[in-house]
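Coordinate analysis (summary)
Here's the letter readout for the chains.
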Amino acid sequence: MNKDHLIIFDTTLRDGEQSPGASMDIEEKIQIANALSDLNVDVIEAGFPIASNGDYSAVKEIADSISNSRICALARALEKDILRAADALKNAKYSRIHTFIATSPIHMEMKLKMSPEEVIKNAVNAVKMARDHVEDVEFSPEDAGRSDFNFLCKIIEKVIDAGASTINIPDTVGYNLPHQFGDLISRIIDNVPNSNDAIFSVHCHNDLGLAVSNSLSSVLNGARQVECTINGLGERAGNAALEEIVMTVKTRRDIFSCDTRINTKKIMNCSRLVSSITGFPVQPNKAIVGKNAFAHESGIHQDGIIKSRETYEIMKAEDIGLLSNSLVLGKHSGRNAFKQKLDELNIQYTSDDAFNDLFTRFKELADKKHEIYDEDIIRLSNNIPLTGDDIQLSYMSVVCDSHKKPNAKIKLSIKGEEREATAEGDGAVDAAFNAIKAIIDLKVDLRLYSVNNITSGTDAQGEVTVRVVKDELIVNGHGADTDIVKASVLAYLNAINKIYQNPDLATKKLSGI
Ligand code: KIV
Ligand code: ZN
């Protein structure tokens with residue numbers, strides 16, 4: 001059977017970034033956009049350019065550099081939003097403007113204070129305006145899941161006439177049930193006279209834990225685009241998880257008459273990257289990408305798996321990029337073995353210097369840790385180089401005594417000049433951060449501190465993410481080490497260096513949006 005194409009529209013960088021505490025800076029957004037392009041995502045919603053200068057620059061840089069996926073920018077049904085989105089997208093090889101306005105009675109009356117006729121007029125104008133700048137325009141009736149059916153059909157017909165080629169039906173507050181939402185999609189397609197001229201999409205939120213089910217039910221009822229995020233990141237309880245949608249459609253080919261073009265072997269890499277950048281760990285029992293998703297603990301299951309994998313597995317771990325022989329190198333491994341491993345893991349380096357830098361870090365890690373797993377090498381390759389930073393760690397000593405307050409001595413090299421301080425704290429990390437603050441005259445608020453172990457065991461690398469706020473600037477810092485206090489210090493210094501070196505890197509939200 002010739003299957004339809006199911007368009008995967010990833011909104012990790014827009015709706016995902018709206019997740020409380022998940023702000024990313026431009027460098028991090030570009031890293032994620034590259035990973036999404038590698039994954040073969042059809043459309044990357046890169047941001048909401050009117051929301052902030054940081055969002056505008058991120059969309060622009062992504063649009064300027066990525067050509068494997070269509071780059072989409074979000075805009076309210078307002079002229080200033082559409083102009084800003086169009087400007088950010090102007091160099092994109094393939095671009096899309098996604099414009100939206102709310103259509104539910106509660107949103108129209110309480111939020112927009114507009115009559116239904118005014119909402120239709122604004123939506124049609126917005127789509128026409130967007131079409132003046134790009135060929136590909138998507139329209140979303142926000143809170144469609146609680147909108148009046150006849151009104152929905154009316155506005156959809158008008159925006160298709162005005163030039164929208166994708167109609168996205170959002171369940172903005174995650175209120176619908178799978179049979180109900182699927183039915184809504186098929187009724188819209190049947191009742192809108194010009195529905196053949198558009199692709200129908202869905203955008204489901206996970207407030208009741210039904211985002212993936214609602215999306216898949218819609219696909220069974222005619223939707224041919226799903227909006228989703230890596231690890232299900234997103235506003236409140238999140239959006240539909242990309243990896244669950246893609247792997248369900250792939251695994252249940254017998255049920256779905258469509259397929260995606262996603263390179264599923266890159267799923268794990270993307271999931272780890274998003275988790276590491278946002279500092280949001282993936283729960284161990286999360287479908288597809290959780291640490292336990294392919295682990296078999298009970299004797300009966302292990303016995304079954306040894307006899308035949310299909311007894312307890314419906315997917316192959318390798319299909320999402322998990323490698324079966326994950327124990328690899330050690331401190332005696334040489335440059336050739338390391339190079340071969342990088343090739344196997346598809347880790348690219350741009351020059352001999354970059355390779356040498358990676359190899360040196362691998363050797364340093366191998367000195368501390370006997371067994372180097374693929375996950376360790378992936379983390380090493382994502383690590384932010386500390387060379388070139390104005391502020392570098394020269395020395396640290398932290399003393400924890402069960403009868404005294406922890407005490408830290410930190411020595412930093414600031415543009416080559418050595419400075420040191422000693423401080424106490426409520427814990428080892430707190431003491432170390434206090435010592436750094438005593439050296440650097442910079443007041444920052446710590447908003448997030450998250451530790452994630454990269455592999456298991458007490459010698460595993462700990463990966464620390466911190467988020468700090470300086471005035472209105474928000475930056476993330478990352479650090480990894482076998483010692484989590486040192487990983488924390490590296491993460492903290494990474495964030496502080498970003499503030500010092502390039503304030504524009506930070507995401508600075510404008511008020512009122
Ligand atoms: O949840 C929602 O309704 C949205 C729209 C902007 C599509 O994110
Ligand atoms: Zn949303």
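Residues numbered from 1 in each chain as written. Chains lettered and ligands numbered in written order. Predicted model: local features only at pLDDT ≥ 70, side-chain atom pairs only at ≥ 80, totals over all residues. Heavy atoms only, no water.

Quick word on the overall build of the protein chain
- The helix and strand tally for the protein chain stands at 17 helices and 18 strands.
- Taking 24 Å as the expected radius of gyration for a compact globule of 513 residues, we find that the protein chain reaches 25 Å, a close match to that expectation.
- Once the C-alpha set of the protein chain is aligned to its principal axes, its extents read approximately 70 × 60 × 45 Å.
- Among the 513 residues that make up the protein chain, the fraction classed as buried is 54%. (Helix = DSSP H or I, 4+ residues; strand = E, 2+ residues; numbered from the N terminus. Rg over C-alpha atoms; globule rule 2.2 N^0.38 Å. Buried < 20%, exposed > 50% of the residue type's maximum accessible area, 1.4 Å probe, protein only.)

A few points about the side chain of Asn-168
- Along the chain, Asn-168 turns up in strand E7 (residues 166-171).
- Note on Asn-168: relative accessible area 1%, which makes it buried.
- A distance of 3.4 Å separates a polar atom in the side chain of Asn-168 from a polar atom in the side chain of Glu-227.
- Apart from residues lying up to four places away in sequence, Asn-168 is in contact with His-98, Glu-138, Phe-139, Ser-140, Pro-141, Ser-201, Val-202, His-203 and Glu-227. (Polar contact = N/O pair within 3.5 Å; in protein donor to acceptor, adjacent residues only side chain to side chain. Contact = heavy atoms within 4.5 Å.)

Focus: the packing of aromatic side chains
- Counted under the stated rule, the structure contains nine aromatic pairs.
- Judged by centre distance (5.6 Å) and plane angle (55 degrees), the rings of Phe-338 and Phe-359 are tilted. Here Phe-338 is found in helix H13 (residues 335-344), whereas its partner Phe-359 is found in helix H14 (residues 352-368), with 21 residues between them in sequence. Here the two residues Phe-338 and Phe-359 agree in accessibility, since each one is buried.
- Centroid distance Phe-433 to Tyr-449: 6.4 Å. Interplanar angle 80 degrees. Geometry classified as edge-to-face. Of this pair, Phe-433 sits in helix H16 (residues 428-439) while Tyr-449 sits in strand E16 (residues 445-453), and the two are 16 residues apart along the sequence.
- The class for Tyr-449 is partly exposed, based on a relative accessible area of 33%.
- Feature note: the residues Phe-338, Tyr-349, Phe-355, Phe-359 and Phe-362 constitute an aromatic cluster, connected by ring pairs.
- The ring of Phe-149 carries the charged tip of Arg-187 above its face, separated from the ring centre by 4.1 Å.
- Above the face of the Phe-355 ring, Lys-339 is positioned so that its terminal group lies 4.8 Å from the ring centre. (Phe/Tyr/Trp six-rings, centres within 6.5 Å; stacked < 30°, edge-to-face > 60°. Lys NZ or Arg CZ within 6 Å of the ring centre and 35° of its normal.)

A few points about the sheet that holds strand E13 (residues 391-401)
- Across the sheet, which stays open at both edges, the three strands sit in the order E13-E14-E15 with antiparallel pairing between neighbours. Sheet topology places E13 and strand E15 (417-424) at the edges, where each strand pairs with a single neighbour. On average, each strand axis in the sheet is tilted by 10 degrees relative to the strand beside it, whichever way the strands run.
- Two strands pair when backbone bridges link them, and strand E14 (residues 404-414) and E15 are joined in this way by eight bridges, in the antiparallel orientation. Looking at E15, one finds that Ile-410 is bridged to Ala-421. (Pairing = 2+ DSSP bridges. Axes fitted to C-alpha atoms, helices over the stretch in contact; angles between N-to-C directions.)

Here we look at the coordination of the zinc ion (ligand 2)
- Protein ligation of the zinc ion (ligand 2) involves Asp-15 (OD), His-203 (NE2) and His-205 (NE2), the donor distances falling in the range 2.0 to 2.1 Å.
- Counting residues between consecutive donors of the zinc ion (ligand 2) along the chain gives the motif D-x187-H-x1-H. Taken together, the residues span a long stretch of sequence, with Asp-15 in helix H1 (residues 12-16) and His-205 in the loop between strand E8 (199-204) and helix H9 (211-220) at a distance of 190 residues. Neither residue differs from the other here; Asp-15 and His-205 are each classed as buried. (Donors = N, O, S within 2.8 Å, 3.2 Å for Na, K, Ca; no water.)

Looking at the sheet that holds E7
- Around the barrel, eight strands lie side by side as E2-E3-E4-E5-E6-E7-E8-E9; this closed barrel has parallel pairing. Direction aside, neighbouring strands of the sheet carry axes that sit 25 degrees apart on average.
- In terms of strand pairing, strand E6 (residues 137-142) meets E7 through two bridges, oriented parallel. Among the inter-strand pairings, Phe-139 is bridged to a residue of E7, identified as Ile-167.

Topic: H9
- Most of H9 sits inside the fold, with eight of its 10 residues counted as buried.
- Taken as a whole, H9 has its buried residues at Ala-211, Val-212, Asn-214, Ser-215, Leu-216, Ser-217, Ser-218 and Val-219.
- Looking at the packing, one finds that the buried side of H9 touches E7, helix H8 (178-191), E8, strand E9 (225-228), helix H10 (242-251) and strand E10 (258-259).
- Taken from the residues just after H9, Gly-222 is the one with a positive phi, measuring 115 degrees.

As far as function goes, none of this settles anything; it's purely spatial.
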